[in-house]
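# Observations on the model geometry
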Amino acid sequence: MHLGMFSSTSLTHCFWITFCHSWCKNSRSLTLDTKDLKIFKVSANGQAAKFELGAQHGFKGSPLEITLPFELSRGQHVIVEVEYETSPSASALQWLSPAQTAGKKHPYLFSQCQATHCRTMVPCQDTPSVKHTYYAQVSVPKELIAVMSAVRDGQEADPTDSSRVIYRFRQPVPMPSYLIALVVGALESREIGPRSRVWSEKEHVDQAAFEFTETETMLKTAESLAGPYVWGQYDLLVLPPSFPYGGMENPCLTFVTPTLLVIAHEISHSWTGNLVTNKTWEHFWLNEGHTVYLERMIGRAMEGEQFRQFKAIGGLKELQEAVHQFGANNAATNLVVNLEGVNPDECFSCVPYEKGFALLYHLEELMGGPEVFMGFVKSYIQMFAYSSVTTEQWKDYLFTYFKDKVDILNKVDWNGWMHTPGMPPFKPHEADIKQLSSHQLIEFLALLLLQDPLPTSHVKRMQEVYKFNSINNSEIRCRWLRLCVKSEWEDAVPLALKMATEQGRMKFTRPLFRDVYNFAKFRDEAVKVFKEHRNEMHSVTAMLVAKDLKVDQSTGL
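Just so it is clear, the model here is predicted, and its values are computed rather than measured.

## A few points about the packing of helix α15 (residues 506-518) against helix α17 (residues 539-548)
Following both chains from N to C, one finds α15 and α17 inclined at 20°, their axes separated by 10 Å at the closest point. As far as their axial angle goes, α17 and α15 are roughly parallel. Note on packing geometry: the crossing formed by α15 with α17 is right-handed. The residues of α17 that touch α15, namely those facing Met506, Thr509, Arg510, Phe513, Arg514 and Tyr517, are Val540, Thr541, Leu544, Val545 and Asp548. In terms of residue class, the contact of α15 with α17 is built from six nonpolar, two polar and three charged.

## Describing the nonpolar core
Core analysis: the biggest nonpolar cluster contains 121 residues, and Ile66, Leu237, Phe373, Tyr380, Trp394 and Trp414 have the highest contact counts within it. Each residue touching Phe373, except ones within four places of it in the same chain, is listed here: Tyr293, Leu360, Leu363, Glu364, Met367, Leu398 and Phe402. Counting residues in hydrophobic clusters, the runner-up holds 38 residues, among them Leu445, Leu483, Trp489 and Ala526.

## Digging into the sheet that holds strand β19 (residues 247-248)
If you walk across this open sheet you meet the five strands as β16-β17-β18-β20-β19, and the pairing is mixed. Looking at the sheet topology across the chains shown, the edges are occupied by β16 (187-193) and β19. Two strands pair when backbone bridges link them, and β16 and strand β17 (residues 196-201) are joined in this way by six bridges, in the antiparallel orientation. Opposite Leu187, over in β17, you have Glu201 as the bridge partner. Most of the contacts of helix α1 (residues 202-211) go to β17, to which it runs at about 145°, and overall it touches β16, β17 and β18 (235-238).

## Comments concerning the pattern of salt bridges
With the rule as written, the count across this model stands at 31 salt bridges. With a shortest N-O distance of 3.5 Å, Glu346 and Lys547 are connected by a salt bridge. Of this pair, Glu346 sits in the loop between α5 (305-326) and α6 (351-367) while Lys547 sits in helix α17, placing them 201 residues apart in sequence. Glu346 sits in the partly exposed class, given a relative accessible area of 36%. Judged by its relative accessible area of 42%, Lys547 is partly exposed. For Glu475, the salt bridge goes to Lys507, with nearest N and O atoms at 2.9 Å. Linking Glu475 in helix α13 (residues 474-486) with Lys507 in helix α15, this pair joins segments that are 32 residues apart in sequence. Residue Glu475 is classed as buried on the basis of its relative accessible area, which comes to 16%. A relative accessible area of 35% places Lys507 in the partly exposed class. Ionic contacts of the salt-bridge type, sharing partners, join the residues Arg300, Glu305, Arg308, Glu364 and Glu371 into one network.

Rules used in this analysis
Residues numbered from 1 in each chain as written. Predicted model: local features only at pLDDT ≥ 70, side-chain atom pairs only at ≥ 80, totals over all residues. Heavy atoms only, no water. Axes fitted to C-alpha atoms, helices over the stretch in contact; angles between N-to-C directions. Helix = DSSP H or I, 4+ residues; strand = E, 2+ residues; numbered from the N terminus. Parallel < 35°, antiparallel > 145°, perpendicular 65-115°, else oblique. Left-handed = near helix turned anticlockwise from the far one by under 90°. Contact = heavy atoms within 4.5 Å. Nonpolar A, V, L, I, M, F, W, Y, C, P; charged D, E, K, R; others polar. Core = buried A, V, L, I, M, F, W, Y, C linked by side-chain atoms within 4.5 Å. Buried < 20%, exposed > 50% of the residue type's maximum accessible area, 1.4 Å probe, protein only. Pairing = 2+ DSSP bridges. Salt bridge = Lys/Arg side-chain N within 4 Å of Asp/Glu carboxyl O.

What follows is the structure in structure tokens.
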């Protein structure tokens, strides 16, 4: 795959697919997912191939139907080359102007392909059921640096343009398309471990290196629990604040934002999600539930069981709030969801994370404790490594692994857990936490958010005593400002809207906008501020906030 930066809003690519034909006799067709791509030409083994873009299917885009110029024989290798250009509106790509960067001198590009956005950047089989290796060359202006979700494989001057540099990458471990990632910017890096560097704009790189000093310790702890780390390099890239998620587990290059300081979740995805992947997005809980479980087991190993218990309590509170937001009878709160004709982005919530963890925690209690159940998780990873799985495959392996406890597993309300909306059918027992910690402050505020709004006088008094407005911890600050807005303290509204727009993490941006919108006096202000900042937001964030605020996305009204 060769990628060349064409302008400030699009890429031109020359893309190759190499595959070994082994599935049916005399096949001559190949179908790839695309969305908003301009296809110039297609060839197979150097011969021109006929192609046609099919009808547009909403968020799915258009199938690229390729007819090969020859019949294939079993075992034959074929190189299919597609020359194309992306659209300025490609949902996988966010282009930042120099003014939107820390350095203010150079533009910045980053991608986000999960769940179905890779097809706007690369013609591919854009499903987690298909895994592939990849090799890439990226040509960029020489004052910029390119990094990808792959091992860096050298660089050289662009022979066609002396003002540009070509960076090479290789990813030898099979992975799904949603994990292809690209960043181009005025980047610098610092070594933070024997297999890790942190990348950022130079204005933030030293602070980032300080924040992520525990990376190697976490990696080693994860390996002791889940098995060897197979991806070689584990780098971190601190993105500008507009990135819509706290982190993204791209292999070899985890994306994080300034609001995410604990990376155990993204590290855990190196095993659960990247190595063993949900076969379709209906089974997303397999990625996220297991990752939360492993993340908290890392926390247990490093901080103790009380730390894990407290994080579990907090997760349960987040799940309660999500179920309340969706509605207890909304099928979107099922663990296994039906996404027929539904854009997976529209169902994004903490449900697969925390309901999935709750199930695994419940099974841990039934099967004999954390050491016993972690043994199953490690075995599950080894059994399905480099492949994609469904919930039924996971469940079958669970029954096989615990074959001497099938009678207990048969008593689990599987339908209640998997296919019933609302809270889980069983609330796992959680130990009491007696010693106050910073994590407890987060959960204390989360508990208050679940109650009826406090009188305004109460939150004003809390500010006087605890000085919450001066706290910069994003998790605490978001909950505190939401509490104030729900209590209709008018002074908190500009602070809430400022936090909603100065970073782009959906976990914070959406609820802050929603709460201000629900404060009737400031409803118009919430819409006005959103419209002023929507072009700075990631397309997914802008789409979902617009829905929350009932803004017409076609007209902007």
